[in-house]
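A look at the structure
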Amino acid sequence: MRVGVVGGGVTGLAAHHFLREQGVDSVLFEADDEPGGVIRSRRVDGRVLDLGPQRTRLTPSIAALVESLGLGDELREADDLPLYVYRDGRLRLVPQTPREAVATDLLSWRGKLRALFEPLTTAARPDESVEAYLTRKFGSEVARYYFGPLYGGLYGTHPDEMPMRHSLSRALDSAGIEGSVLTSVAKKVLEGREAPPIASFDGGLQRLPEALYADNDDTAHLNTPVEAIGRAGERFVLETPDGDERFDELVVTTPASVTADLVAEFAPEAADALREFTYNPQAVVHLAVDADLTGAGYQVQYDEDLRTLGTTWNDSLLDREGVYTCYLGGGYDPEVVEWDDDRLGSVAAREFEAVTGHGARVLSVHRWELGMPAYDRSWAALDRLSTPVGLHLCTNYTARAGIPGRIREAKKIADRLADCAESTATPPRTA
Ligand SMILES: Cc1cc2nc3c(=O)[nH]c(=O)nc-3n(C[C@H](O)[C@H](O)[C@H](O)COP(=O)(O)OP(=O)(O)OC[C@H]3O[C@@H](n4cnc5c(N)ncnc54)[C@H](O)[C@@H]3O)c2cc1C
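In this text the structure is predicted, and so the values were computed from the model without any measurement.

What follows concerns the packing of helix 1 (residues 10-21) against helix 14 (residues 403-423). One can describe the packing of helix 1 onto helix 14 by two numbers: an axis separation of 8 Å at closest approach and a directional angle of 35°. The interaxial crossing formed by helix 1 with helix 14 has right-handed handedness. Residues Val10, Thr11, Ala14, Ala15, Phe18 and Leu19 of helix 1 lie in contact with helix 14, whose contacting residues are Arg406, Ile407, Ala410, Lys411, Ile413, Ala414 and Leu417. Partitioning the contact of helix 1 with helix 14 into residue classes produces 10 nonpolar, 1 polar and 2 charged.

Let us now look at unusual backbone geometry. Here the phi dihedral of aspartate 319 falls at roughly 60°; this positive angle occurs in a residue that is not glycine. Mapped onto the secondary structure, aspartate 319 falls in the loop between helix 12 (314-318) and strand 18 (323-329). Taking the relative accessible area as the measure of exposure, aspartate 319 reaches 62% and is therefore exposed. Positive phi, normally seen in glycine, also occurs at tyrosine 375, with a value near 50°. Look at tyrosine 375 and you get buried, because its relative accessible area is 3%.

This brings us to the domain arrangement of the chain. Often, the extent of an interface is quoted as the loss of accessible area on bringing the components together. Splitting the chain by domain gives domain 1 (2-39 + 206-277 + 378-423), domain 2 (43-57 + 76-80 + 195-201 + 279-373) and domain 3 (96-190). Contacts between the two partners involve 14 residues from domain 2 and, on the opposite side, 15 residues from domain 3. Taken together, the two surfaces of domain 2 and domain 3 that pack against each other cover about 1,000 Å², and 51% of this comes from carbon and sulfur. When the area that domain 2 buries against domain 3 is broken down by residue, the three leading residues are Gln299, Tyr302 and Tyr332, summing to 49%. At the boundary of domain 2 and domain 3, one finds 1 salt bridge.

This part takes up helix 2 (residues 60-68). Turning to helix 2, its buried residues number three or more, namely Ile62, Leu65 and Val66. When helix 2 is viewed along its axis, its buried side chains cluster within an angular range of 100° and face the same direction. Helix 2 presents Pro60 and Glu67 as exposed residues on the side facing more than 90 degrees away from its buried surface. Buried residues belonging to helix 2 abut helix 1, strand 5 (56-57), strand 6 (75-78), strand 9 (198-201), helix 9 (207-215) and helix 14. Of the residues flanking the end of helix 2, it is glycine 70, one or two places downstream, whose phi is positive at about 70°.

What counts and what doesn't
Residues numbered from 1 in each chain as written. Predicted model: local features only at pLDDT ≥ 70, side-chain atom pairs only at ≥ 80, totals over all residues. Heavy atoms only, no water. Axes fitted to C-alpha atoms, helices over the stretch in contact; angles between N-to-C directions. Helix = DSSP H or I, 4+ residues; strand = E, 2+ residues; numbered from the N terminus. Left-handed = near helix turned anticlockwise from the far one by under 90°. Contact = heavy atoms within 4.5 Å. Nonpolar A, V, L, I, M, F, W, Y, C, P; charged D, E, K, R; others polar. Buried < 20%, exposed > 50% of the residue type's maximum accessible area, 1.4 Å probe, protein only. Domains from an automatic or database assignment. Buried area = accessible area lost by both parts, 1.4 Å probe. Salt bridge = Lys/Arg side-chain N within 4 Å of Asp/Glu carboxyl O. Arc of directions from axis to C-beta.

Quick look at the structure:
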């Protein structure tokens, strides 16, 4: 069996790595001249900046990968620091323990008491929105001021636009939470289960895809966009500027609209469905700030009159001196990615000062046209998505978007293909 992997972001690189680890003949093609996709680290003014994700959870499978790639010495681990929501003119503590839940001014007493009735409510309904679900479970204050900004803020989508079954239900399922959220969380706390630590690397998060690439660079081609995918009997033909290559199985990790163009000729219905998925464009502005703020950062409650969606305090979280990262745009404000650097930078710095009281200097401005999958109503097209046997979609819309979810899905598909290579059975369809 010969496997072609399209895309050298973390998903493609991890899938390629796990396939080769199990002796499968795999070749990877990446359009860009560097590995990592949206995981991209830069050095500006002697400071390490991450233009996409700022950190990952060091799950056991990522820890094993870090170890096997020899990245252990470069690892930076962080504790879970206080997180804030900006609401009604102030930063308010997001409770992470029962004691903080009592103390925080994020919610009124009435709102806190209402949340305690959650175990009496019923489970998620597939077609309700995240906001409707959170309101029904915990009451409107928790929905609008606590979970809503935190969850919707991850994707830049208003929780009222996110159907449960394509978003939060998947997260709850993979966390093993059925029925009452409070009861499941309390059970985990009582069993002493903790979230894996937050982590990055001295040189930034891109060190992970760089190391995956370095370990497999004899069969991973940068600067080699796949221009079209065709068929030759049962096999797939990848057309690249360096010529055509044939494969028995394909793992395609590119964003939905790119994948749509690649498969349009032989899978037109899949292409039509893929074209419907919305991604939220995002602008990421890095600031240099001379302040001693302690925490992971803040999300802005979505009714506030700010363009900033949230910030990460890299200084305190990952010991990156003076670095703070602001996110703007998302589904609320997609046009901000069309602003020039000066306007984006000055809005981010001005709003940071308004929220924290600290003046800021702009270090860098970056835009992601296809940032995060929006997981909004356009994701209903997933129901119509079916791909030909042998073509496996392995991306942040077929499973969870976070880096741990990407590595998990890459491992799953590599294991399945390796099993089939051994038994010469046909791998089952995956999308
Ligand atoms: C701004 C932002 C912040 C985030 N923050 C976090 C965070 O803090 N923690 C976390 O865990 N996750 C975070 N995420 C999510 C996570 O980073 C992504 O879901 C994940 O990195 C996506 O990896 P991927 O390989 O699936 O896709 P991508 O990184 O999009 O990779 C796809 C690859 O395909 C390549 N490609 C495109 N067209 C072609 C072609 N024709 N031929 C060959 N190759 C092609 C692209 O160049 C790219 O390298 C964030 C994402 C964004 C955008």
